[in-house]
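# Topology and contacts: notes
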Amino acid sequence: MGIEKASPEAIERAAAALAAGRLIAFPTETVYGLGADASNARAVAAVFAAKDRPRFNPLIVHVPDLAAAAALAEFSDSARQLAAAFWPGALSLVLPRRTGSAIAELATAGLNTIAVRVPAHATALALLRAAGRPIAAPSANRSGHVSPTTAEHVAADLGERVCMVLDDGPTPLGLESTVVDVSGPSPSVLRLGGVARAALADALGRPVPVAAAATSRPASPGMLLRHYAPATPLRLEAGAVETGEALLAFGAALPPHTGPVFNLSARGDLLEAAANLFAGLRRLDGAGAAGIAVMPIPEEGLGEAINDRLRRAARPA
Ligand code: TXA
Ligand code: MG
């Protein structure tokens, strides 16, 4: 890991590292982000590992302009008004995700929506242009720690877990972006942040309420979210596969099975398993099986977040 002044040359190297699947911390006008190529599922899995996040929350996908955002998400009239008023800026828009975009399922935690943002920061924009690809980036801190507003905060918190920290001094706002859900007919605020609710109301000509779940002090930000849930029932910690079941496998030693199978990682690699999780669930959910038997996943490292997600998916809606 190295802190590097955000020179054009350092930005080029950071862009190349991102393209190679590495993690880069970079400044935005809100807080420093821990960036990964949003189309690279393994790189996105590495972001969750670096943060020690016990669950897979969807990440904000950063793009250099509205055109790049429109390639990933469907903009309603309200969404266009908000983008026109606040981008580049501290506003993340949650929108219906375009089918067929290259964004990794893990970046959106398997949801049919995607959060996108155009940051108002010269270094962030230069990095996005140099990378030529959308960058998924949560705040560059370990889970449960405060968001970093300087390169030194990032280095102290993440150390060797990040390959490079682009340093452009303290972030101007020091507060995360406001997250607005514009995926349905009436916009609502999922997270308060750098853009005030009154400013959103001015831009739209009507008040924008805080989403109900956001006001009731949920135990974790993840609880604000609808979660991807397969329609096919899941059976966890399965030692054997029953007739009619598909198999979500992990590791090399598979129980006897006749139906569809998706192996999260034949090598038993949790990073690879995390990268494949949502794609695997979707694949087997669409395979027409009566149920999905899920092999045990070790409760360590990224296994904790994988199991958290599997337990939610196994719970009846
Ligand atoms: O200012 C910021 O937003 C910073 C900088 C780096 O851009 N990023 C940041 O990311 O704070 P993170 O991962 O710490 O917070 C992302 C927030 C979470 O509350 C997450 O639940 C929400 O955005 N979010 C992301 N995608 C979503 C989606 N599809 N639906 C609902 N909420 C979503
Ligand atoms: Mg955060």
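Since the model is a prediction, treat every value here as computed from it, not as a measurement.

### Here's the deal with the overall build of the chain
Within the chain, the regular secondary structure consists of 10 helices and 14 strands. Over its C-alpha atoms the chain spans a radius of gyration of 20 Å, differing by no more than 12% from the 20 Å that the globule rule assigns to 317 residues. Its C-alpha atoms give the chain principal-axis dimensions of about 60 × 45 × 35 Å. For the chain, buried positions account for 52% of its 317 residues. Summarising the internal contacts of the chain: among those between residues at least 6 apart in sequence, 65% fall at separations of at least 24. Within the structure as shown, the chain displays about 13300 Å² of accessible surface, and the carbon and sulfur contribution to it stands at 54%. In the chain, 28 positive and 28 negative side-chain charges are present, and the distance between their average locations comes to 4 Å.

### With respect to the domain arrangement of the chain
For interface size, the figure often reported is the accessible area lost on association. The domain architecture assigned to the chain consists of domain 1 (2-204) and domain 2 (234-314). Between the C-alpha centres of domain 1 and domain 2 the distance comes to 30 Å. Listed per partner, the contact involves 16 residues of domain 1 and 17 residues of domain 2. Buried area between domain 1 and domain 2, both sides added, is near 1300 Å², and the carbon and sulfur share of it is 60%. Looking only at domain 1, the three residues that lose the most surface to domain 2 are R42, F56 and E105, adding up to 44% of its buried area. Scanning the region where domain 1 abuts domain 2 turns up three salt bridges.

### Some words on helix α2 (residues 41-51)
The set of residues buried in α2 consists of A43, V44, A45, V47, F48, A50 and K51. On its buried face, α2 is in contact with β3 (33-37), α6 (151-158) and α9 (270-285). By the N-cap criterion, in which a side-chain oxygen at the helix start approaches the backbone nitrogen of a residue two or three places on, α2 is capped by N40, the distance to R42 being 3.1 Å. Directly after α2, the chain includes D52, whose backbone phi takes a positive value near 55 degrees.

### Here's the deal with the nonpolar core
The nonpolar side chains of a soluble globular protein tend to be buried with one another. Counting residues in each nonpolar core, the largest one holds 92 residues, and the members touching the most others are F56, L93 and L127. When residues of this core are assigned to domains, at least three fall in each of domain 1 (2-204) and domain 2 (234-314). Setting aside its immediate chain neighbours within four residues, L127 contacts I11, A14, A15, L18, I24, F26, I135 and L166.

### Some details on the packing of helix α4 (residues 77-86) against helix α7 (residues 197-204)
Two numbers describe how α4 lies on α7: the axes approach to 9 Å, and their chain directions differ by 120 degrees. Judged by the angle between their axes, α4 and α7 are oblique. Judged by the twist between their axes, the crossing of α4 over α7 is right-handed. Two secondary-structure elements touch here, α4 through S78, Q81, L82, A85 and F86 and α7 through A199, L200, A203 and L204. Here the residues of the contact of α4 with α7 are counted per class, giving seven nonpolar, two polar and no charged.

### Here's the deal with the pairing of strand β5 (residues 91-96)
Within β5, five of the six residues are buried, leaving the element largely enclosed by the surrounding structure. The sheet contact formed by β5 and strand β9 (residues 178-181) spans four bridges and is parallel. Its bridge partner being in β9, S92 is matched across the sheet by V179.

### What to know about the packing of aromatic side chains
Enumeration according to the criterion identifies three aromatic pairs in this entry. Pairing F48 with F56 gives two aromatic rings, centres 4.9 Å apart and planes at 85 degrees, and the pair type is edge-to-face. Members of the aromatic cluster, each reached through a chain of ring pairs, are F48, F56 and F278.

### Remarks on the pattern of salt bridges
Counting across every chain of the model gives 16 salt bridges. Residue D52 is joined to R161 by a salt bridge in which the shortest nitrogen-to-oxygen separation is 3.3 Å. Here D52, found in the loop between α2 and β4 (60-62), pairs with R161, found in the loop between α6 and β8 (164-167); they are 109 residues apart in sequence, far enough to count as distant. Judged by its relative accessible area of 42%, D52 falls in the partly exposed class. A salt bridge links R312 to D308, with the shortest nitrogen-to-oxygen separation between them at 3.1 Å. Pair noted here: R312 and D308 are both in helix α10 (residues 303-314), with a separation of four residues, about one helical turn. The exposure class of D308 is buried, given its relative accessible area of 12%.

What counts and what doesn't
Residues numbered from 1 in each chain as written. Chains lettered and ligands numbered in written order. Predicted model: local features only at pLDDT ≥ 70, side-chain atom pairs only at ≥ 80, totals over all residues. Heavy atoms only, no water. Helix = DSSP H or I, 4+ residues; strand = E, 2+ residues; numbered from the N terminus. Rg over C-alpha atoms; globule rule 2.2 N^0.38 Å. Buried < 20%, exposed > 50% of the residue type's maximum accessible area, 1.4 Å probe, protein only. Contact = heavy atoms within 4.5 Å. Areas by Shrake-Rupley, 256 points an atom, 1.4 Å probe, with all protein chains shown as cover. Lys, Arg positive; Asp, Glu negative; His and termini not counted. Charge placed at Lys NZ, Arg CZ, Asp CG, Glu CD. Domains from an automatic or database assignment. Buried area = accessible area lost by both parts, 1.4 Å probe. Salt bridge = Lys/Arg side-chain N within 4 Å of Asp/Glu carboxyl O. Polar contact = N/O pair within 3.5 Å; in protein donor to acceptor, adjacent residues only side chain to side chain. Core = buried A, V, L, I, M, F, W, Y, C linked by side-chain atoms within 4.5 Å. Axes fitted to C-alpha atoms, helices over the stretch in contact; angles between N-to-C directions. Parallel < 35°, antiparallel > 145°, perpendicular 65-115°, else oblique. Left-handed = near helix turned anticlockwise from the far one by under 90°. Nonpolar A, V, L, I, M, F, W, Y, C, P; charged D, E, K, R; others polar. Pairing = 2+ DSSP bridges. Phe/Tyr/Trp six-rings, centres within 6.5 Å; stacked < 30°, edge-to-face > 60°.

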